[in-house]
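Fold and contact review
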Amino acid sequence: MLTERRSASTSLGSENRSRPVPPLLYRRRSSDDIDNLATVSSSLLPAFGTIVDDANSLHLRKYIIAPFDRRYRWWQTFLVVLVVYSAWSSPFELAFKKVATGSLLPVDLAVDAFFAIDIVLTFFVAYLDKSTYLLVDNHEKIAMRYVTNLWFPMDIASTLPFQAIYLLFTGKMHKGEAFGFLNLLRLWRLRRVSELFTRLEKDTRFSYFWTRYCKLICVTLFAVHSAGCFYYWMAVHHKTSDDTWIGAQVHDFEHKNIWMGYTYSMYWSIVTLTTVGYGDLHAENTGEKVFNIFYMLFNIGLTAYLIGNMTNLIVHSAVRTFAMRDAINEILRYASKNRLPDGLKEQMLAHMQLKFKTAELQQEEVLEDLPKAIRSSIAQHLFHETVETTYLFKGVSDDLITQLVSEMKAEFFPPKVDIILQNEIPTDFYVLVSGAVDVLIYKNGTEQFLSKLGAAEMAGEIGVILNIPQPFTVRTKRLSQVIRISHQHFKQMVLQHNADGKKIISNFIQNIAPIEGAEYHEAPNNSGEENIEGTSTTSAPSSDILPVRVIIHGHRPDDKTNDGGKMGKLIHLPDSVEDLLSLAEKKFGKRGCTMLVADGSQVEELRALREKDHLFIF
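Residues numbered from 1 in each chain as written. Predicted model: local features only at pLDDT ≥ 70, side-chain atom pairs only at ≥ 80, totals over all residues. Heavy atoms only, no water.

1. Some words on the overall build of the chain
- Each helix and strand counted, the chain has 19 helices and 16 strands in total.
- Each of the 618 residues in the chain was classed as buried or not, and the buried ones make up 43%.
- A sequence separation of at least 24 residues applies to 68% of the contacts in the chain between residues at least 6 apart.
- Entry remark: accessible area of the chain is about 34000 Å², with carbon and sulfur atoms responsible for 58%. (Helix = DSSP H or I, 4+ residues; strand = E, 2+ residues; numbered from the N terminus. Buried < 20%, exposed > 50% of the residue type's maximum accessible area, 1.4 Å probe, protein only. Contact = heavy atoms within 4.5 Å. Areas by Shrake-Rupley, 256 points an atom, 1.4 Å probe, with all protein chains shown as cover.)

Shown next as structure tokens:
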């Protein structure tokens, strides 16, 4: 099986076999140091199921270069700069052959020397076997693969200085056109530029937009330059110089300044490419007209390529804005059709706008494609400290908090938006990370302010823990960030931590106000000792970490005079009937043997009781 990544440096073996590819094939500062992971090439990744043995420290053979070695990559980037020169000089020297045998000849020789060095280096660069996905560092296999590939003869042909070789053997410069066309073989080097742009587009350190934009500009400039040079070459080799596109404007142009001819050529090429066509420079003979036909047909495809790519780049950058505008228009149409009040419509619009503004911060949307371990680590970094400082989780084990934080979802709410509505079904409770909310209650048709909550405070936990409709409305005062967890996840996790569950109940009871008209009492613990009334040392039933509460009375259901004006005593339902009878005896001063509910039905099992049932013991 694939072994785990054990260290930040991986190397390849020295046995007489192909070397396994280290996981992810990191780029390296040297042959041993791992560099940036942002530029990992998919072509260097091993296939699924490939057996890679990196149990031992592995090394490349002597004098073998790793293709992802940082120094080799810099060498390749330097060659790309020389390729740019070759792409410009090859058509230019064909059109203006004086520079090919004059000022540019030494530069061409120096450039060819660097590419000759690269040919030699290629015999020492390991390669990836696509059938086994193993890195091959055998000298013979590397050489055989390169020599039998089309790249080797093309590299040789594009590097040989034919003009200098002819001068060396004959002692004079050749005046024909053969060497000008042979120099065009240097355009084979342009494949390096394409590979560079492909690598940069995948490199997250560089903007994809500007990388594509530069690529489009380079393609356009090369097309304009090449067409202008070829068109000038046609004019130079026409039998009648005045019967040419440039000869009709500039008499005896062959003997004019080279840069004047190049300027005219670029002017014609750009005007034709942009389909402006001023008419001042136009085809004068049949050959030029034929060339113009093919050039304009080529321009149609090039223009479509440029416009299509630029449109995609621009639309891609604005697609989120388009989506937001469409969503807002849908909300406006929906609100208008259903005659929603202005306040509700404004809440909908504010929430939608905030959703798009904070899209990159939404934990669920941004992290959904990441492995669970990474998502959990990020959540711990962002929210662990906030959760452990809330009153409900004080003193709770770090294991439980870690599990809770991993399941929490982050959300933003704009100002004056209801997070929780009074009397809604409790599905989630919220921890406020930043911002502020108001806690409100509706009584007699009016809205009353109860309290204000800030960072590290909770909302909705009363409904979740007591399993009752939400008792309050919670409304944001300003832009607020909250994290929420569903009551199902919460209860499932707490059930696995009995001690933590008791601590949570204790924290909850200490902070919640008693229900009006009833008193809080605690069930006896398992050791038979009674808990002190009003304290937080709760003994929860073993069947549920969040115990059921009932209101007990010491008389028959139809006797309304024996409670002394009280409505009963609120207790946590103990584990057994015997414990319940003992607790009732201590509270009412007499031992009961019969238990009835409000409708007169006799209770045989405590599991049949529900939250806030009235239980009559006599």
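Picking up where we left off.
2. Structural notes on the packing of helix H3 (residues 105-122) against helix H5 (residues 151-159)
- At a minimum axis separation of 9 Å, H3 and H5 run at an interaxial angle of 160 degrees. Considered as vectors, H3 and H5 are oriented roughly antiparallel to each other. Between H3 and H5 lies a crossing whose hand is left-handed. Counted together, Asp 112, Phe 115, Ala 116 and Ile 119 of H3 and Phe 152, Asp 155, Ile 156, Ser 158 and Thr 159 of H5 form the full contact between these two elements.
- A breakdown of the residues in the contact of H3 with H5 according to their chemical character gives 5 nonpolar, 2 polar and 2 charged. (Axes fitted to C-alpha atoms, helices over the stretch in contact; angles between N-to-C directions. Parallel < 35°, antiparallel > 145°, perpendicular 65-115°, else oblique. Left-handed = near helix turned anticlockwise from the far one by under 90°. Nonpolar A, V, L, I, M, F, W, Y, C, P; charged D, E, K, R; others polar.)

3. Quick word on the sheet that holds strand S5 (residues 418-420)
- If you walk across this open sheet you meet the 4 strands as S5-S10-S7-S8, and the pairing is antiparallel. Each edge of the open sheet carries a strand with a single partner, namely S5 and strand S8 (446-453). Each adjacent strand pair in this sheet contributes to an overall mean axis angle of 35 degrees, direction not counted. (Pairing = 2+ DSSP bridges.)

4. Points about H5
- For H5, the set of buried residues is Asp 155, Ser 158 and Thr 159. Buried residues of H5 fall within an arc of 95 degrees about the axis and therefore sit on the same side. (Arc of directions from axis to C-beta.)

5. Points about unusual backbone geometry
- Located in the positive-phi region is Tyr 63, a residue other than glycine, with phi close to 70 degrees.
- Of note, Tyr 63 is situated in the loop between strand S1 (19-20) and helix H1 (70-95).
- Residue class for Tyr 63 comes out exposed when judged on its relative accessible area of 58%.
- Of note, Asn 467 is a non-glycine position whose phi angle comes to about 55 degrees, a positive value.
- Tracing the backbone shows Asn 467 in the loop between helix H16 (461-466) and strand S10 (473-476).
- A relative accessible area of 56% means that Asn 467 is categorised as exposed.

6. A few points about the environment of Glu 585
- Here Glu 585 lies in helix H19 (residues 577-588).
- Its relative accessible area of 33% is what places Glu 585 among the partly exposed residues.
- Taking the C-alpha atoms as reference, Glu 585 lies 8.6 Å from Gly 554; in sequence the two are 31 residues apart.
- At 3.2 Å, the side chain of Glu 585 forms a polar contact with the side chain of Arg 591. (Polar contact = N/O pair within 3.5 Å; in protein donor to acceptor, adjacent residues only side chain to side chain.)

7. Some details on the pairing of S8
- As judged from the 7 bridges shared by strand S7 (residues 437-443) and S8, these two strands associate in the antiparallel manner. If you follow Ile 441 over to S8, its bridge partner there is Gln 448.
- Where S7 folds back onto S8 in an antiparallel hairpin, the turn is made up of 2 residues, including Asn 444, whose phi is positive at roughly 55 degrees.

8. Re the pairing of strand S11 (residues 480-486)
- In terms of burial, S11 is largely enclosed, as 6 of its 7 residues are buried.
- Here strand S4 (residues 409-413) pairs with S11 via 5 bridges, running antiparallel. When the bridges of S11 are listed, Lys 409 appears paired with Arg 484.
- Looking at chain direction, strand S6 (residues 428-434) and S11 are connected through 6 bridges and run antiparallel.

9. Notes on the sheet that holds S4
- Ordered in space as S4-S11-S6-S9, the 4 strands form an open sheet in which the pairing is antiparallel. For this open sheet the edge positions go to S4 and strand S9 (458-459), each flanked by a neighbour on one side alone.
- Taken together, the 2 bridges between S6 and S9 define a ladder with antiparallel strand orientation. What sits directly across from Val 431, in S9, is Met 458.

10. Describing the pattern of salt bridges
- Enumeration according to the criterion identifies 17 salt bridges in this entry.
- The salt bridge involving Asp 438 is made with Lys 477; its shortest N-O contact spans 3.8 Å. Note that Asp 438 is positioned in strand S7 and Lys 477 in the loop between S10 and S11, a separation of 39 residues in sequence.
- Accessibility expressed as a relative area gives 39% for Lys 477, which makes it partly exposed.
- Within the structure, one salt-bridge network assembled from shared partners comprises Glu 93, Asp 108, Asp 112, Arg 186 and Arg 189. (Salt bridge = Lys/Arg side-chain N within 4 Å of Asp/Glu carboxyl O.)

11. Comments concerning helix H8 (residues 191-202)
- Its 12 residues give H8 an end-to-end C-alpha distance of 17 Å, which sits within 8% of 16 Å, the value for a rise of 1.5 Å per residue.
- Buried residues of H8: Arg 191, Arg 192, Val 193, Leu 196 and Phe 197, and no others.
- Where H8 is buried, its residues contact H1, H3, H5 and helix H9 (208-236). (Expected span 1.5 Å × (residues − 1).)

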